[in-house]
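One-letter residues, chain by chain:
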Amino acid sequence: MATWDDVRRIALALPETTERGSHDHLPAWRVRDKPFVWERPLRRADLDALGDAAPDGPVLGVRVPDLGAKEALLADDPTVYFTTPHFDGYPAVLVRLDRVDVAELAELITEAWCARAPKRLAAAHRAEIR
């Protein structure tokens, strides 16, 4: 089970990442001012849309490279990954933080960072970790 401390540690270990509150003052992590992961509590419209399937634990919003990657994650493990109508057509998934393991979380956050980082920065980071 992952925690917000895991999210913070993993995200801030990536180059040029900053932590800055979102528009609703919740934690969000950015690379060159582009958000790639953020705390995303469910709103009334989300709860209405999800009904009984709405999770009650912490929810992490994660940017993904494209809608195909989003669909793959949603199909891979619907007990961990989900979405709401708010994110229809947008390359992001919601993650039940208390159901994802730390290794998978690290992979998700790194992929999200790569999707938002400038191409040269992402390429340099990939070369560095090889």
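To keep things clear, this report deals only with the structure shown in the data block. Predicted model only: the values in this text are computed from it and were never measured.

What follows concerns the overall build of the chain. Summing up its helical and strand segments, the chain has five helices and six strands in all. Ordered by position from N to C terminus, the α and β elements of the chain give α-β-β-β-α-β-α-β-β-α-α. The C-alpha atoms of the chain give a radius of gyration of 14 Å, which matches the 14 Å a tight globule of 130 residues would have. Looking at the 130 residues of the chain, the share that counts as buried comes to 42%. When contacts within the chain are restricted to residue pairs at least 6 apart in sequence, long-range pairs at least 24 apart make up 52% of them. Considering the chain, the positive charge centre built from 18 side chains and the negative charge centre built from 22 side chains are found 8 Å apart.

Another point: the packing of aromatic side chains. Across all of its chains, the model carries one aromatic pair by this definition. On the numbers, 6.2 Å between centres and 45° between planes, the contact of Phe-87 with Tyr-90 is tilted. Take Phe-87: its relative accessible area is 4%, and that puts it in the buried class.

Of the residues making up helix H1 (residues 4-12), those classed as buried are Asp-6, Val-7, Ile-10 and Ala-11. Projection of H1 onto a plane perpendicular to its axis shows the buried side chains occupying an angular sector of 120°, all on one side. Its buried side turned inward, H1 meets strand S1 (17-19), strand S2 (28-31), strand S3 (34-39), strand S4 (59-63) and helix H4 (102-116). Capping the start of H1 is the job of one residue whose side-chain oxygen sits 3.3 Å from the backbone nitrogen of Asp-5: Thr-3.

Further remarks concern the nonpolar core. Formed by 29 residues in total, the largest nonpolar core has its most connected members in Phe-36 and Val-37. When residues of this core are assigned to their parent elements, the largest contribution, six residues, is made by H4. If near-sequence neighbours (up to four positions away) are discounted, Val-37 is found in contact with Val-7, Ala-11, Ala-28, Trp-29, Leu-60, Gly-61, Val-62, Ile-109 and Ala-112.

Cut-off values and rules
Residues numbered from 1 in each chain as written. Predicted model: local features only at pLDDT ≥ 70, side-chain atom pairs only at ≥ 80, totals over all residues. Heavy atoms only, no water. Helix = DSSP H or I, 4+ residues; strand = E, 2+ residues; numbered from the N terminus. Rg over C-alpha atoms; globule rule 2.2 N^0.38 Å. Buried < 20%, exposed > 50% of the residue type's maximum accessible area, 1.4 Å probe, protein only. Contact = heavy atoms within 4.5 Å. Lys, Arg positive; Asp, Glu negative; His and termini not counted. Charge placed at Lys NZ, Arg CZ, Asp CG, Glu CD. Phe/Tyr/Trp six-rings, centres within 6.5 Å; stacked < 30°, edge-to-face > 60°. Arc of directions from axis to C-beta. Polar contact = N/O pair within 3.5 Å; in protein donor to acceptor, adjacent residues only side chain to side chain. Core = buried A, V, L, I, M, F, W, Y, C linked by side-chain atoms within 4.5 Å.

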